[in-house]
Amino acid sequence: MASGPDPNSFGDGAKRDEATTKVPSKDPKKKDDKKEEDLSEEDLKLKQNLELYVERVQYPNPELQKAALESMRQEIRALTSSMTFDATDVETLCLLAELKHLKKLRKLSITINKGGEFTVSQLFVDIQDFSNLEKLKVAWGVTYPKPHKAPKKVAVPSHLPEKLMKLDLQCFPDAELPSLLEPGKLRMLEKLYIKRGTKLTGFGKSVPEKPTECSVKVLRLKFLPRLKVEWRELRELYFPKLEFLDKYQSPQVSFCPCDGIGIWRGKSNQL
């Protein structure tokens, strides 16, 4: 019997060339010397250059900022399909603006180390027009302080990248998903992972009355203590095409017919 989709596989499994760049936090305590040793000489030089440009973008001198942005633009345009970076709010905004020139970018991984006025909606406004993006991972710092003043109004994102098939959200900072991430809007996405969102309470403001058009087949929910949803709602209404569920340390995701390690597979996905 043919098995269903492997939750750990992606697409046709073909190996794609990836140019990976990591721009870590400037905190020296967080630098991983071992990882730097694993980089090639060319990748290490690129990493060091981007760190320098990001630092200069924050200088008060407009001419130095402009020169740093232009240098960053040239470096990023030289990359092809994948980008990973570890950044603060300001760095994230700068890098996302430059990454839009990467027409062939298919995989993007972002770690935002500090909170502030950079909202979830603002992040997805900047990402929504990455037309070839297929995989997106976003991780927020474990502690994500809210701004003391009212946040600035930002545009509301209207859609995810049209080719996005896998979305991985880690340490999601809000109690509610932005509207474009509600299951009814996920008509192309096949894999959704949400991990360590300690404030997240649900998948939308209200339970849908009829099954959504959500295309998600693989769902992983881990360390979500406040997420409250019953199996019937999850399987029949929010994610009607679901074939695989991985639930761990999410006690209010209830009545799920998972095995002893929190795994459920639909009939079409049985070995």
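It should be emphasised that the depicted structure is a prediction, and the values quoted were computed from it without experimental measurement.

The subject of this paragraph is the overall build of the protein chain. Check the secondary structure of the protein chain and you find six helices and ten strands. Across the 271 residues of the protein chain, 43% fall into the buried class. At a minimum sequence separation of 6, the contacts of the protein chain that also span at least 24 residues come to 76%. A total of about 15,400 Å² of accessible surface is found on the protein chain, and carbon and sulfur atoms cover 50% of it.

The next thing to look at is the confidence of the model for the protein chain. Residues of the protein chain with pLDDT of at least 70 account for 65%, and the chain-wide mean is 77. Contacts from residues 8-25, a stretch scored under 50 in pLDDT, to residues over four places away or in other chains number 48 contacts.

Grouped together as the largest cluster of nonpolar side chains are 44 residues, with contacts concentrated most on Phe 203 and Phe 239. Within the residue set of this core, elements represented by two or more residues are strand 2 (107-112), helix 5 (120-127), strand 3 (135-140), strand 4 (166-170), strand 5 (191-195), strand 6 (218-222) and helix 6 (231-238). By residue number, the principal contributor to this core is helix 5, which donates four residues. When neighbours within four sequence positions are excluded, Phe 239 is seen to be in contact with Pro 183, Leu 192, Phe 203, Cys 214, Val 216, Leu 219 and Leu 234.

Turning to the environment of Glu 162, a few remarks are in order. With respect to the helices and strands, the residue Glu 162 is situated in the loop between strand 3 and strand 4. The exposure class assigned to Glu 162 is exposed, which follows from its relative accessible area of 54%. On a C-alpha basis, the gap between Glu 162 and Asn 132 in space is 7.5 Å, while along the polypeptide they are 30 residues apart. Apart from residues no more than four positions distant in its own chain, Glu 162 is found in contact with Ser 131 and Met 188.

Bringing the pattern of salt bridges into the picture now. Side chains that differ in sign of charge can pair as their charged atoms come close. Throughout the structure, instances matching the rule amount to three salt bridges. For Glu 213, the salt bridge is made with Arg 187, and the minimal N-O distance between the two is 3.6 Å. Of this pair, Glu 213 sits in the loop between strand 5 and strand 6 while Arg 187 sits in the loop between strand 4 and strand 5; the two residues are 26 residues apart in sequence, bridging distant segments of the chain. Accessibility expressed as a relative area gives 52% for Glu 213, which makes it exposed. The salt bridge partner of Asp 246 is Lys 222, with a shortest N-O separation of 3.3 Å. With Asp 246 in strand 8 (residues 244-248) and Lys 222 in strand 6, this residue pair connects regions lying 24 residues apart in the sequence.

Quick look at the packing of aromatic side chains now. Each aromatic ring pair is specified by the distance between its two centres and by the angle formed by the two planes. Under the criterion given, the structure shown has six aromatic pairs. When the centroid spacing of 5.3 Å and the interplanar angle of 80° are considered together, the rings of Phe 223 and Tyr 248 count as edge-to-face. Taken as a pair, Phe 223 in the loop between strand 6 and strand 7 (229-230) and Tyr 248 in strand 8 lie far apart in primary sequence, 25 residues in all. Note on Phe 223: relative accessible area 24%, which makes it partly exposed. A centroid spacing of 6.4 Å and a plane angle of 45° characterise the contact between Tyr 238 and Phe 239, whose relative ring orientation is tilted.

About the cut-offs
Residues numbered from 1 in each chain as written. Predicted model: local features only at pLDDT ≥ 70, side-chain atom pairs only at ≥ 80, totals over all residues. Heavy atoms only, no water. Helix = DSSP H or I, 4+ residues; strand = E, 2+ residues; numbered from the N terminus. Buried < 20%, exposed > 50% of the residue type's maximum accessible area, 1.4 Å probe, protein only. Contact = heavy atoms within 4.5 Å. Areas by Shrake-Rupley, 256 points an atom, 1.4 Å probe, with all protein chains shown as cover. pLDDT = per-residue confidence, 0-100. Core = buried A, V, L, I, M, F, W, Y, C linked by side-chain atoms within 4.5 Å. Salt bridge = Lys/Arg side-chain N within 4 Å of Asp/Glu carboxyl O. Phe/Tyr/Trp six-rings, centres within 6.5 Å; stacked < 30°, edge-to-face > 60°.

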